[in-house]
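The residues making up each chain are set out below.
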Amino acid sequence: MRHTLFKILALFFMAYSGAQNIDISGNVQDGSGFPIPGANIIVNNSTKGTTTDFDGNFVLSGVKNGATISVSYIGYITQELVITSNKSLTIQLKEDLAQLDEVVVVGYGTQKKKDVTGAVSIVSAATLEDLRPVDAAQALQGTSAGVSVTSPSGSPGGNFNILIRGVSSNGDNGPLVIIDGYKGDLNSINPSDIETFSILKDAQAAIYGIQGANGVVLVTTKQGKKNSAAKISYNGYTGIQETTRELPYLNATEYALILNESYAANGQALPYPNISGLGTGINWQSELFDQAPITSHNLSVTGGGEKSTYYFGGSVLEQDGIIASDKSNFSRANAKIKLGFDITEKLKFTTSANYFNNNRKTIGENALGTPLFNALNYAPTYSIDQQDTSGFLGNEVVNPISQISNTFNKYSGNSIEGTFQLEYEAFEGFKVTSRIGLKSYNDNKKEFFPIVGYGSGKVFNNDRSSVIQTQNTNNSYTWDTFATYNKVFNEKHNTTFTLGTSAQRAWGDNLQGTGFDVPNNSWEFADISLANGLSEAKSTSSYIYDSRLSSYFGRLQYDYDSKYLLSAMVRRDGSSDFSPENRIDYFYSATGGWKISDEDFLKDSEVINFLKLRASYGTLGNNVGDDLYRALLSGEATYVLDGTLVTGTANGRIPNPEASWETAEKLDIGLDMNLFNNKLEIVADYFIEDRNDLLIENFPISGILGGGAPGAGLPTVNAGTTRNRGVELFLNYKESVSDDFSYGVSYNVTKINGEVTAVSNGVVSEGGSFSVGQPSIARMEVGQPIGYFYGLKSDGIFQNQAEVDAAPSQVGLGSAAAPGDIRFVDVNEDGEITIDDRTDIGKPQADYIMGLNFNFNYKNFDFSAYMYAELGKETVRNYERDQPNVNRLSLYLDRWTGEGTSNSVPRATTGATTNKLFSDFYVEDSSFLRMQNIQLGYSLPQDVIDKLGISKFRIYTKVNNAFTLTKYRGYDPAATNGDAIGGGIDYGFYPISRQFILGLNLSI
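Residues numbered from 1 in each chain as written. Predicted model: local features only at pLDDT ≥ 70, side-chain atom pairs only at ≥ 80, totals over all residues. Heavy atoms only, no water.

1. Some words on the overall build of the chain
Quick reminder of the rule: Strands are runs of DSSP state E lasting at least 2 residues, helices are runs of H or I lasting at least 4, and numbering of each runs from the N terminus. This radius of gyration counts C-alpha atoms alone. The globule rule is 2.2 Å times how many residues there are, raised to the power 0.38. Summary of the burial criterion: residues with accessible area below 20% of their type's maximum are buried, those above 50% are exposed, and those between are partly exposed, where the area comes from a 1.4 Å probe applied to protein chains only. In this description, contact between two residues means that some pair of their heavy atoms is separated by no more than 4.5 Å.
If you tally the helices and strands in the chain, you get nine helices and 49 strands. For 1004 residues, the compact-globule formula gives about 30 Å, and the C-alpha radius of gyration of the chain, at 34 Å, lands near that figure. Expressed as a percentage of its 1004 residues, the buried residues of the chain come to 50%. When contacts within the chain are restricted to residue pairs at least 6 apart in sequence, long-range pairs at least 24 apart make up 71% of them.

2. A closer look at the pattern of salt bridges
The test is simple: The term salt bridge refers to a pairing of a side-chain nitrogen on Lys or Arg with a carboxyl oxygen on Asp or Glu at a separation within 4 Å.
Taken as a whole, this structure holds 45 salt bridges when the rule is applied. A salt bridge links R548 to D546, with the nearest nitrogen and oxygen atoms 3.1 Å apart. A salt bridge links D672 to K612; the nearest nitrogen and oxygen atoms lie 3.4 Å apart. Separated by 60 residues along the polypeptide, D672 in strand β32 (residues 662-675) and K612 in strand β29 (residues 608-622) bring together distant segments of the chain. You'll find D672 and K612 in the same group, each marked buried. Each member of the salt-bridge network shares a partner with another, and the members are R165, K201, K612, R614, D668, D672, D685 and E728.

3. With respect to empty space enclosed by the protein
In plain terms, the rule: A cavity here means a set of points on a 1 Å grid, drawn over the protein atoms and nothing else, where a 1.4 Å probe fits but cannot get out; a pocket is an open set with protein on both sides within 12 Å along at least five of seven lines, and a residue lines either one if it has an atom within 4 Å of a point. Grid points are joined across faces, edges and corners, and a volume is the space filled by probe spheres set on the points. Think of it as three bins: nonpolar holds Ala, Val, Leu, Ile, Met, Phe, Trp, Tyr, Cys and Pro, charged holds Asp, Glu, Lys and Arg, and polar takes everything else, Gly as well.
For the structure on display, the rule yields five cavities of 30 Å³ or more. Put simply, the largest cavity is a space of about 160 Å³. Lining of the largest cavity is provided by 19 residues; of these, R132, N190, P191, S192 and N298 occupy positions nearest its centre. Mapped by element, the contributors of at least two residues to the lining of the largest cavity are α2 (125-131), β17 (228-243), β18 (292-304) and β19 (308-320). Residues that form the lining of the largest cavity fall into these classes: nine nonpolar, six polar and four charged. Taken as a whole, the second largest cavity encloses approximately 60 Å³ of empty space.

Shown next, in the form of structure tokens:
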């Protein structure tokens, strides 16, 4: 009995002791013993908790003995402890290196971010969600070091130019785009369907051989997750667009005064003897620009079972233009599906498909005589519907409103693209993957040119209606099969072998026809089937193409003890675009890395959490040739058959059987570093690229070979070399101040120097135009960057006749100088100014490109801002017409009107001068800083959305292209047509729009 009573009392005592509450205290530290302020201490299965103070200390009262507490902090692994006493605790949290363990796609495989030995930039889905770009390419602007994204037009549906580490080729400089394994285009996919971008910038891209010289953009689209319930997400927005700026032009009174002055200077009668009633007149820009809507809807369903995953997405985008929205608009519809199945434990099947439809209407832009060009040059003294019937403004300037009303066209395109992939794991570590990617794109376009008259002698007058219809079919496939073997030898030797083959084909055709005399001179009847007029000229044209590429590739990835990293690649390519003797080549590269932070002397560093030195070197190709080795019947000829002249064809461009692709030699030395408990990430690179065997068009050869015949041309020859070198720096800092507040800042900057280092026989390639009838203004020449501007250099304005007499004569330019004219520099110092005194006066490529991005979260609010800048570049102002009576920029209000009045803007006169010759007067600094996105969002609290039965509800508002800081006078300092020789010339770019957006993110 006594023993029984003792047992009962003992059990009672134990129960009482276990149930008592105690006070606990302690200190939370990182792995180096430094205190962690703001760490969270939560008692599991309760609402009790606290945070550490500045010194990492905490006190928590009334904790049940035997309870479990969780200690957590951003960037560290959560730790759980069972409380058994009130003894003070010392808790050390381990760093969460999940960021470094992030999987990066590197081409025919993946690597952990910490093991990558090449220069790779990542753009995540979070960035895409912040930006919500219309075109996926826009997400790369300002977010990736070394990447420049520009557009030749702000019109709806306009394309984007992507450059990775500058311009190296005189031909195509765009990167290779791979979407889920197949060669694709960014403008055909919905940005909301993208999971990540991986951008390969150095020799690591050699795994893509002949196509990798300009860099590679690898796109991974979203997919479902196994064992997850269906998640339905809706993302939509609507907004209003407006122009970002109007150019400062003269009003009617200012225009008439300057015109009178210019006529008087030449002894002519005044065109506006009475200006008292002119007022401000018509602002043709304001008449063209208007607010326009933009709307987007995205719906997706994602999830997965035990052996399957699925993702379904659909989207619709509608965007009207800020100029003549009924004639300038764009719509895009996408349907996306991605499925994955585990057929067996060893065999997996994945498939994805994307349907893309787009419809577009456009107005003429970025050329002489287009509506925006005419809006800048048409006289403000004319009324809205008044035509220049007398030809007062010249034969190329017409009423822009009338011009738009007589513009008719439509474009429609449809694409289906996708992949089918099988992955088989034969045994542990050995996998075989076979994947075929398919793409088929078909489009058609119709243009109608009605009978119209704008006035006497106008070049846009049309006395016969016509309709042009064009149809294109473009198909391609990429079939890759590769095996990967992972093996660890002696616990420290980690190896991965990849061996594979790739077959690619691209083929298609084009058919274009013209019909004349459209019934009723009407768009409604504009169809070749109804236009039965006859023409002596050929009214049809067509072409076909078929290009094939066969490749073999191999890669060895090795690391010793996960500290010393090595990767070596080789690829053999054979292309049908070149002659049999020159169509096969080999490309090699090697990359290496050293994780210095894993060495004993840095393992216990209190500052450096991760430090890796890496380097790469290799060769890559750029396939910019197309049938260069074959003689084509694309020339013009007239034959006598049966005594009658018959129009036929003849040899076109002279063939070059020795032509081959360009080759890039790339060297990169980089450093990756994480500091201060992984809060600060630093990536720095130094790179050099030598681009060899550039294909130079119209290479001079003997005239007896027939290059000057009608429709013929000189051959394209491998004859040039360029060098690009520069540095990149990427900084990213993240800080979680408390449970309620966190923020992040990232900055990237790239400095690039580009130069042509050799051209055979000193040949100079030219391109780009200025005004009418003047020589080409852009060049490729040894010692200069590709596409630099070549013109006369000015040295102020002649103030008096004495200065004119003392200066070298300018008669050789076509006219003698007078006070008020531009004084040009005698560059060759031969005592006279001629066309031979042209020199380097600017370049369209920037010296620096950079991005600055900021975000913070406070409770349920989130804010982000994205900025992009280009510095050290110039743009040619070419939207002013060389006619005496057109309107002018307001800069001419500061013109020279007498000695000492101006030393930068020449006099006004209708007389002959050299002031309108291409010179640095028309070349402007187009450096800029653009606030491209500002966004503020609010998410419903967790307890509220739990009650509503949803997982996310967020509303946001944002402004795209909020403002641009620049000295450039044109619409868009970033705009360029993308040509290597001839880019950066502004004929009146369609301005990008400022967009005010209201959006919703909803998930169930």
